[in-house]
Amino acid sequence: MTTDTNIRQFPGAEIPEQTLSVEKKYPSFCQHEKITLDDHSRTVRCVACGQVMDPFNFLLYEVSRLQDAWERNRQVRKDTSVLIDRVETLKKEEARLKARIKTAKAKVEPAFSVRSREL
Ligand SMILES: [Zn+2]
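Residues numbered from 1 in each chain as written. Predicted model: local features only at pLDDT ≥ 70, side-chain atom pairs only at ≥ 80, totals over all residues. Heavy atoms only, no water.

**Q** Explain the sheet that holds strand β2 (residues 43-46) to me, using residue names and the numbers behind them.
**A** Hydrogen bonding along the main chain pairs the strands of a sheet, whether they run parallel or antiparallel. Pairing in this open sheet of three strands is antiparallel, and the strands run β1-β2-β3 from one edge to the other. Two strands in the sheet have a free side with no partner beyond their single neighbour: β1 (35-38) and β3 (52-53). One ladder, built from four bridges, connects β1 with β2; its direction is antiparallel. Bridging across to β2, Ile35 finds its partner in Cys46. (Pairing = 2+ DSSP bridges. Helix = DSSP H or I, 4+ residues; strand = E, 2+ residues; numbered from the N terminus.)

Given below as structure tokens:
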């Protein structure tokens, strides 16, 4: 016959107390869209979530963002130039076709009107 006092926990099987934790200070969805530069502490900080960023990484990101924007701007200007040339060509073609239609009508209408007067 065994009693509860005879049952002893195996040494070392206890789960140690959790002493480590990760502080989740910044919301993961923040895009850090509004940034402030503190010239006193020489830090770059997100206004929305308060995260302090590495200044070099911030500069690197902004430079690459500007480079991308300039590249897109250059491409859009190039595309616009091509489209303007096409519109000019189409305008000339339109004017040429309108002139041909006018000439064709002028050839047809007098003969028709003369004939209709005679009838
Ligand atoms: Zn942020």
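**Q** Describe in detail the coordination of the zinc ion, supporting the description with residues and values.
**A** Protein ligation of the zinc ion involves Cys30 (SG), His32 (ND1), Cys46 (SG) and Cys49 (SG), the donor distances falling in the range 2.0 to 2.4 Å. Counting residues between consecutive donors of the zinc ion along the chain gives the motif C-x1-H-x13-C-x2-C. The exposure class assigned to Cys30 is buried, which follows from its relative accessible area of 15%. (Donors = N, O, S within 2.8 Å, 3.2 Å for Na, K, Ca; no water. Buried < 20%, exposed > 50% of the residue type's maximum accessible area, 1.4 Å probe, protein only.)

**Q** Help me get a handle on the pairing of β2, residues and values and all.
**A** Alternating residues of β2 divide into Val44 and Cys46, all buried, and Thr43 and Arg45, none buried. Counted between consecutive antiparallel strands, the loop separating β1 from β2 contains four residues, among which Arg42 sits at a positive phi close to 55 degrees. Of the pairings in the sheet, the one linking β2 to β3 comprises two bridges and is antiparallel in character. The residue bridging Val44 from the neighbouring strand is Met53, located in β3. Turn length for the β2-β3 hairpin, with the two strands adjacent in sequence and antiparallel, is five residues, and the turn residue Gly50 shows positive phi of about 80 degrees.

**Q** Mind laying out the layout of surface pockets, listing which residues take part and the relevant values?
**A** By volume, the largest pocket amounts to about 200 Å³. Forming the boundary of the largest pocket are Gln31, His32, Glu33, Ile35, Met53, Asp54, Asn57, Phe58, Tyr61, Glu62 and Arg65. Take the lining of the largest pocket: its biggest share by element is five residues, from helix α1 (residues 55-118). Tallied by class, residues from the lining of the largest pocket come to four nonpolar, three polar and four charged. (1 Å grid on protein atoms, 1.4 Å probe; cavity = no way out; pocket = protein on both sides within 12 Å on 5 of 7 lines; lining within 4 Å. Points joined across faces, edges and corners; volume = space filled by probe spheres on them. Nonpolar A, V, L, I, M, F, W, Y, C, P; charged D, E, K, R; others polar.)

**Q** Which residues make up the nonpolar core, and what values do they have?
**A** Considering soluble globular proteins, one finds that nonpolar side chains tend to be buried as a cluster. Counting residues in hydrophobic clusters, the biggest one holds six residues: Cys30, Val44, Cys46, Cys49, Met53 and Phe58. Setting aside residues no more than four positions away along its own chain, Cys30 makes contact with Cys46, Ala48 and Cys49. (Core = buried A, V, L, I, M, F, W, Y, C linked by side-chain atoms within 4.5 Å. Contact = heavy atoms within 4.5 Å.)

That's the geometry; what it means functionally is another story.
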